[in-house]
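Each chain is listed here by its residues.
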Amino acid sequence: MPVEITWWGHATCTVEDSNVRVLTDPLFARRLAHLRRRRGALPPPGAPHADVALVSHLHADHLHVPSLMRLAPGTRLLVPRGARRAVPGLRRLTHLRVSEVAPGDETPVGDIVVRAVPALHDGRRLPFGPHRSPALGYVIAGEARTYFAGDTGLFDEMAKEVGPVEVALLPVGGWGPYLGEGHLDAGRAARALERLAPHSAVPVHYGTYWPIGMDAVRPHEFHAPGDEFVRLAARHAPSVAVHRLGHGESVRLKVAR
C-alpha cells in the first residue's frame, strides 16, 4: 500500500499510511498575530480530518489552539510533555484525546506506531515561560517509516535518534527574513538528508506565512527555499527522490523497505 503525503502549507501535512491519517502541526489560519498567509489557499474543510494529530513544539505557528479546535471529537492529539501546563488553552480541547509525550515514547494508532524523537529547537511557549517542554520530531511507522522533523537544527546524533526512515518531511525555511538557531535552511536540510538517507523527501515550512509589512525584506527567503533544497539535495543526497509540492498537492510513494 503506498504512503500518501499532502502538504497544506507551513509545517502542516497529512500522512496517510496503513489506512491511518496523521496530521502534523495543524495550522489553518489566514492570519496569526503578525503573520499573514501569502501563498496557497486555506486548506479545505476536510483537511482537519485525522486519526491522530502531532504537535512538534509549543510555538504558536505549530501549536495553534484554534486550529486544534477544528479536529473531530475523539481525535488523538500528541503534544510535548508539559504542554498542558505551559499552554492553558489546551485544557479547552476536551473533545480530543490528548497525550503528552517525550523522546522515545511510542504511541500505537491503528496499524501504525508514532515514536517521538528529539529536535534541536527552543521548546518554550514564546514569549513567556521557561523551557518546560521538549521540542520533538516524530517517526510514523507503518508501511513506511516517515520522519516529520517539526522545527529543528542539524545535530550530530540526528541519524541515530531518528533511525532508518524511508520518507523525510524536512523544514527548509521559516516565516521571516532571518532564521535563528535551531532551524534548518535549504543547505542544512540537504545535509540532514545526506545523514538520514531516506528514499524520498518533501520540503516543508517555507513559502506560506510572512510578517505583515515586510514583503520587500529579503523576499528570496520566502520564495526560494523549496527550489534551493531541490538543487542542494541533488548535490548532497543524489539517491533521494525530492518531491517539491505546491500547497494542497499530494504525492503517493510506493516504498519498499
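Residues numbered from 1 in each chain as written. Predicted model: local features only at pLDDT ≥ 70, side-chain atom pairs only at ≥ 80, totals over all residues. Heavy atoms only, no water.

**A word on the pattern of salt bridges**
Applied cut-off: For this analysis, a salt bridge means a side-chain nitrogen from Lys or Arg found within 4 Å of a carboxyl oxygen belonging to Asp or Glu. Each helix is a run of DSSP H or I of at least 4 residues and each strand a run of E of at least 2, with the numbering of both proceeding from the N terminus.
Taken as a whole, this structure holds 11 salt bridges when the rule is applied. We note a salt bridge from R81 to D105, for which the minimum N-O separation is 3.2 Å. Of the two residues, R81 is situated in the loop between β7 (76–80) and α2 (83–86) and D105 in the loop between β8 (97–101) and β9 (106–109); the sequence distance between them amounts to 24 residues. Its salt-bridge partner being D227, residue R244 comes within 2.8 Å of it at the nearest N-O pair.

**Focus: the nonpolar core**
We count it as follows: In these notes, a set of buried Ala, Val, Leu, Ile, Met, Phe, Trp, Tyr and Cys residues joined through side-chain atoms within 4.5 Å is what counts as a nonpolar core. The buried label applies to any residue whose accessible area, calculated with a 1.4 Å probe on protein chains only, is under 20% of its type's maximum; exposed applies above 50%, and partly exposed to all values in between. Whether two residues are in contact is decided by their heavy atoms: any pair within 4.5 Å suffices.
If you look at the biggest cluster of nonpolar residues, it comprises 54 residues, and the most contacted ones within it are Y138, Y147, L170, L193 and F229. Examining the composition of this core, we find that 6 residues originate from one element, helix α4 (residues 186–196), more than from any other. Apart from residues lying up to four places away in sequence, F229 is in contact with L170, V172, A186, A189, A190, L193, A201, P203 and V242. A47, A50, V55 and L77 belong to the second largest nonpolar core, which has 21 residues in total.

**What to know about the environment of A116**
Its place among the elements puts A116 in strand β10 (residues 112–118). The spacing of A116 and A135 is 19 residues in sequence and 9.7 Å in space, taken between C-alpha atoms. With sequence-adjacent residues up to four places away left out, A116 is seen in contact with V101, A102, P103, G104, D105, L136, G137 and Y138.

**Description of the sheet that holds strand β15 (residues 209–211)**
Definition in use: Any two strands between which DSSP finds at least two bridges are classified as paired.
Strand order in this open sheet of 3 strands is β4-β5-β15, and the pairing throughout is antiparallel. In this open sheet, the two strands that pair with only one neighbour each are β4 (31–32) and β15. In this sheet, β15 lies alongside strand β5 (residues 35–37) in antiparallel orientation, the contact comprising 3 bridges. In the sheet register, R37 faces β15, and the bridge partner there is Y209.

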